[in-house]
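Take a look at the letters that make up each chain.
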Amino acid sequence: MTVVPIRELGDPVLRESAKPVTDFDGELRRLIGDLRETLRDSGGAGLAAPQLGVGLRVFVWSPKLSHGSLDHLVNPVLDFPDEEEQDGVEGCLSIPGVYLDTRRRMNVVAKGFTRRGDPVQVVGDGLLARCIQHEADHLDGVLFIDRLTPAQQEQWMATLRSASWFDGNAMAKIKHSPHQ
Ligand code: NI
């Protein structure tokens, strides 16, 4: 397992739709190992394969969020059992130093597969649900800044303009979420 440099806003891989995993092989398990190790090293809540430059539908989350049980999903499909929403501050390891209120669904049911290819279902609420929605978005090339309200987008633009790493091209790459 290796700590891999995390791709940051402006890197095209973050805006691409990731491909489904077809081979549940050693390469996939190495990828999940690298995701876990890189997440641990960064201290974040979750990490998706495109953030390591790998266009596959895989993400991991901190085992703390799921009380030490399953910490990853392959080829996830999200379902929302109710209409309840939550507000809370969100950030992304690919957009360092930016934390903004982001509305998410409170409850999620995520179906997918384990690293061994076994079908699995994760039922999550609160922070785990938030994290799973954030990471699933990464697999569709969607970032949390796409989900902000217009007023928050303005706030974000101001933050972005003052950020030391801002390269001027990133703003053109913000797109609107395909989801409601
Ligand atoms: Ni992220």
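Figured I'd write up the structure that's included with this text. Computed from a predicted structure; not experimentally measured. (Residues numbered from 1 in each chain as written. Predicted model: local features only at pLDDT ≥ 70, side-chain atom pairs only at ≥ 80, totals over all residues. Heavy atoms only, no water.)

## Description of the overall build of the protein
So, step 1. Looking only at helices and strands, the protein has three helices and nine strands in total.
So, step 2. Secondary structure elements of the protein occur, N-terminal to C-terminal, as α-β-β-β-β-β-β-β-β-β-α-α.
So, step 3. Against the 2.2 N^0.38 benchmark of 16 Å for 180 residues, the protein shows a C-alpha radius of gyration of 16 Å, consistent with a compact globule.
So, step 4. By the burial criterion, 46% of the 180 residues in the protein qualify as buried.
So, step 5. Intrachain contacts of the protein at a sequence separation of at least 6 include 65% that bridge at least 24 residues.
So, step 6. Of the accessible surface of the protein, which amounts to about 9,100 Å², a share of 51% is contributed by carbon and sulfur atoms.
So, step 7. Computed over 20 positive and 26 negative side-chain charges, the inter-centroid distance for the protein is 3 Å. (Helix = DSSP H or I, 4+ residues; strand = E, 2+ residues; numbered from the N terminus. Rg over C-alpha atoms; globule rule 2.2 N^0.38 Å. Buried < 20%, exposed > 50% of the residue type's maximum accessible area, 1.4 Å probe, protein only. Contact = heavy atoms within 4.5 Å. Areas by Shrake-Rupley, 256 points an atom, 1.4 Å probe, with all protein chains shown as cover. Lys, Arg positive; Asp, Glu negative; His and termini not counted. Charge placed at Lys NZ, Arg CZ, Asp CG, Glu CD.)

## Section: the pairing of strand β9 (residues 119–125)
So, step 1. Here strand β8 (residues 107–113) pairs with β9 via seven bridges, running antiparallel. Counted as the bridge partner of Phe113 is Pro119 from β9.
So, step 2. The turn linking β8 back onto β9 is made up of five residues, and Gly117 within it adopts a positive phi angle of 90 degrees. (Pairing = 2+ DSSP bridges.)

## Topic: the coordination of the nickel ion
So, step 1. Distances from the nickel ion to its protein donors, Cys92 (SG), His134 (NE2) and His138 (NE2), fall at 2.1 to 2.3 Å.
So, step 2. Its relative accessible area of 9% is what places Cys92 among the buried residues. (Donors = N, O, S within 2.8 Å, 3.2 Å for Na, K, Ca; no water.)

## Considering the layout of surface pockets
So, step 1. The calculated volume of the second largest pocket comes to roughly 430 Å³.
So, step 2. If you trace the second largest pocket, you find 22 residues lining it, with Gly44, Ala45, Gly46, Gly91 and Cys92 closest to the centre.
So, step 3. For the lining of the second largest pocket, the secondary structure elements donating two or more residues are β5 (89–92), β6 (95–101) and α2 (126–139).
So, step 4. If one sorts the elements of the lining of the second largest pocket by residue count, α2 sits on top with six residues.
So, step 5. Looking at the lining of the second largest pocket residue by residue, the classes come out as 10 nonpolar, nine polar and three charged. (1 Å grid on protein atoms, 1.4 Å probe; cavity = no way out; pocket = protein on both sides within 12 Å on 5 of 7 lines; lining within 4 Å. Points joined across faces, edges and corners; volume = space filled by probe spheres on them. Nonpolar A, V, L, I, M, F, W, Y, C, P; charged D, E, K, R; others polar.)

## Concerning the pattern of salt bridges
So, step 1. By the definition in use, this model includes 12 salt bridges.
So, step 2. We note a salt bridge from Asp11 to Arg7, for which the minimum N-O separation is 3.0 Å.
So, step 3. For Arg7, a relative accessible area of 32% translates into the label partly exposed.
So, step 4. A salt bridge links Glu85 to Arg103, with the shortest nitrogen-to-oxygen separation between them at 3.7 Å. Placement of the pair is Glu85 in strand β4 (residues 85–86) and Arg103 in the loop between β6 and β7 (104–105), with a sequence separation of 18 residues.
So, step 5. For Glu85, a relative accessible area of 44% corresponds to the partly exposed category.
So, step 6. Via salt bridges that share partners, Glu90, Arg104, Arg130, Asp137 and Arg147 belong to a single interconnected network. (Salt bridge = Lys/Arg side-chain N within 4 Å of Asp/Glu carboxyl O.)

## Side note on the environment of Pro96
So, step 1. By the secondary structure assignment, Pro96 is in strand β6.
So, step 2. For Pro96, a relative accessible area of 31% puts it in the partly exposed group.
So, step 3. Spatially, the C-alpha atoms of Pro96 and Leu9 are 8.9 Å apart, while their sequence positions differ by 87 residues.

## So, the sheet that holds strand β1 (residues 46–48)
So, step 1. If you walk across this open sheet you meet the five strands as β1-β2-β3-β8-β9, and the pairing is antiparallel. The open sheet has two edge strands with one neighbour each: β1 and β9. The average undirected angle you get between the axes of adjacent strands in this sheet is 40 degrees.
So, step 2. Inspection of the sheet shows β1 paired to strand β2 (residues 58–61) by three bridges, in the antiparallel sense. Note that in β2 the partner of Leu47 across the bridge is Val60.
So, step 3. Lying on the sheet, helix α1 (residues 26–42) is in contact with β1, β2 and β3 (72–79); it crosses β2 at an angle near 35 degrees. (Axes fitted to C-alpha atoms, helices over the stretch in contact; angles between N-to-C directions.)

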